[in-house]
Amino acid sequence: MKKIVLAAIIAASVAACSTNPPLNFSVPNIGVSAKKIDAELKSLTVSLARPDEAKGKIPAQAQHEVPQMWQNALTEALNKMAIFRDDAPRKLSLSVKILAIDIPSFGASMTTTTIARYELIDRADGSIIYTQDVSADGEVPFNYAFAGVIRARESVSRSAQNNIAQFLQALETVDVSKPMFPNRQESTP
């Protein structure tokens, strides 16, 4: 009985000593891209999906910090990649819509899934140069931290990092001269 009480006291003290880590969406190990996109990125926006657009759960607490943190991490990664040409005549906007942040409510290992839609839009004619829904997981094993809240929060960070990293890999294949959805405006007589 004494061993059980001692184990409970140790477990409680370890849990009390653990602090909730900050979310960190910054993608590690970003290098300069060998390929350049012949366009300048003029704007970058990140928003949460409306309930009718969502492809999964988006927790209410995500509304305040997640879009800004996602935007900051993506801006940092794009700056490190130096993939866009600042002096290019073509101007693009990048719009990111977070469609899901599915955080497990409990479990030994925590796996969060994020889904985000990335769209590169030509500012001159509205053509969609590139669009893709990216889904990524972030898994944190049980031995990462005793408290499940800490594992869950870290799994959100890892999932967002993996999501952004997948987009950055796909970005290196984009050809701005071949839009996915060109804007075919009818010519007026």
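Going by the structure above, here's the rest.
The rules behind the values
Residues numbered from 1 in each chain as written. Predicted model: local features only at pLDDT ≥ 70, side-chain atom pairs only at ≥ 80, totals over all residues. Heavy atoms only, no water. Helix = DSSP H or I, 4+ residues; strand = E, 2+ residues; numbered from the N terminus. Buried < 20%, exposed > 50% of the residue type's maximum accessible area, 1.4 Å probe, protein only. Contact = heavy atoms within 4.5 Å. Polar contact = N/O pair within 3.5 Å; in protein donor to acceptor, adjacent residues only side chain to side chain. Pairing = 2+ DSSP bridges. Axes fitted to C-alpha atoms, helices over the stretch in contact; angles between N-to-C directions. Phe/Tyr/Trp six-rings, centres within 6.5 Å; stacked < 30°, edge-to-face > 60°. 1 Å grid on protein atoms, 1.4 Å probe; cavity = no way out; pocket = protein on both sides within 12 Å on 5 of 7 lines; lining within 4 Å. Points joined across faces, edges and corners; volume = space filled by probe spheres on them. Nonpolar A, V, L, I, M, F, W, Y, C, P; charged D, E, K, R; others polar.

Asks: Can you help me understand the environment of Glu172 in this one?
Replies: Here Glu172 shows up in the segment after α3 (148–171). For Glu172, a relative accessible area of 35% puts it in the partly exposed group. If we ignore the near neighbours within four places in the chain, the residues touching Glu172 are Ser33, Ala34, Lys35, Met81 and Ile83. Separated by 2.8 Å, the side chains of Glu172 and Ser33 make a polar contact.

Asks: Would you mind going over the sheet that holds strand β4 (residues 128–140) with me for this structure?
Replies: Overall, mixed pairing links the four strands, which are arranged β1-β2-β3-β4 in an open sheet. Each end of this open sheet is capped by a strand with a single partner; those strands are β1 (40–48) and β4. Neighbour to neighbour, the strand axes of the sheet diverge by 20° on average, direction disregarded. Of the strands in this sheet, β1, β2 (91–102) and β3 (110–122) are in contact with helix α2 (residues 62–81), which crosses β1 at around 155°.

Asks: What's the story with the environment of Met180 in this structure? I'm lost.
Replies: Among the structural elements, Met180 can be located in the segment after α3. Here the alpha-carbon distance between Met180 and Tyr130, two residues 50 residues apart in the chain, equals 5.6 Å.

Asks: Looking at this model, I keep getting lost on the packing of aromatic side chains. Mind explaining?
Replies: Aromatic ring pairs are defined here through the distance separating the ring centres and the angle between the ring planes. Within this structure, the stated rule accounts for three aromatic pairs. When the ring of Phe25 is compared with that of Trp70, the centres are 5.9 Å apart and the planes differ by 80°; the resulting orientation is edge-to-face. Within this pair, whereas Phe25 is found in the loop between α1 (2–17) and β1, its partner Trp70 is found in helix α2, the two being separated by 45 residues in sequence. For the pair formed by Phe25 and Trp70, the shared burial category is buried. A network of ring pairs unites the aromatic residues Tyr118, Tyr130 and Phe167 as a single cluster.

Asks: Help me out: how do you make sense of the layout of surface pockets in this one?
Replies: A probe as big as a water molecule, rolled over the atoms, marks out the empty space that is left. Reported here for the largest pocket is a volume of approximately 210 Å³. Lining the largest pocket are 13 residues, and of these Leu23, Gln61, Ile103, Arg153 and Val156 lie nearest its centre. Broken down by secondary-structure element, the contributors of at least two residues to the lining of the largest pocket are α2 and α3. Class assignment for the residues of the lining of the largest pocket results in nine nonpolar, two polar and two charged. Approximately 170 Å³ is the volume found for the second largest pocket. As for the second largest pocket, its lining consists of Leu41, Leu44, Thr75, Leu78, Asn79, Ala82, Ile83, Phe84 and Asp86. Of all the secondary-structure elements, those providing two or more residues to the lining of the second largest pocket are β1 and α2. Tallied by class, the residues present in the lining of the second largest pocket amount to six nonpolar, two polar and one charged.

Asks: I tried to follow the side chain of Gln161 on my own but got confused; where do I start?
Replies: On the secondary structure map, Gln161 appears in helix α3. Among the polar contacts made by the side chain of Gln161, one reaches the main-chain carbonyl oxygen of Asn24 at a distance of 2.7 Å. Ignoring anything within four residues of it in the chain, the contact list for Gln161 reads Asn24, Phe25, Ser26, Val27 and Pro28.

Asks: What should I look at first to understand the pairing of β4 in this one?
Replies: In summary, the side chains of a regular strand alternate between the two faces of the sheet. Summarising the sheet, β3 and β4 pair through twelve bridges and their orientation is antiparallel. Residue Leu120 lies in a different strand from β4, and its bridge partner there is Tyr130. Between β3 and β4, which pair antiparallel and follow one another directly, the connecting turn spans five residues, one of which, Gly126, has a positive phi of 80°.

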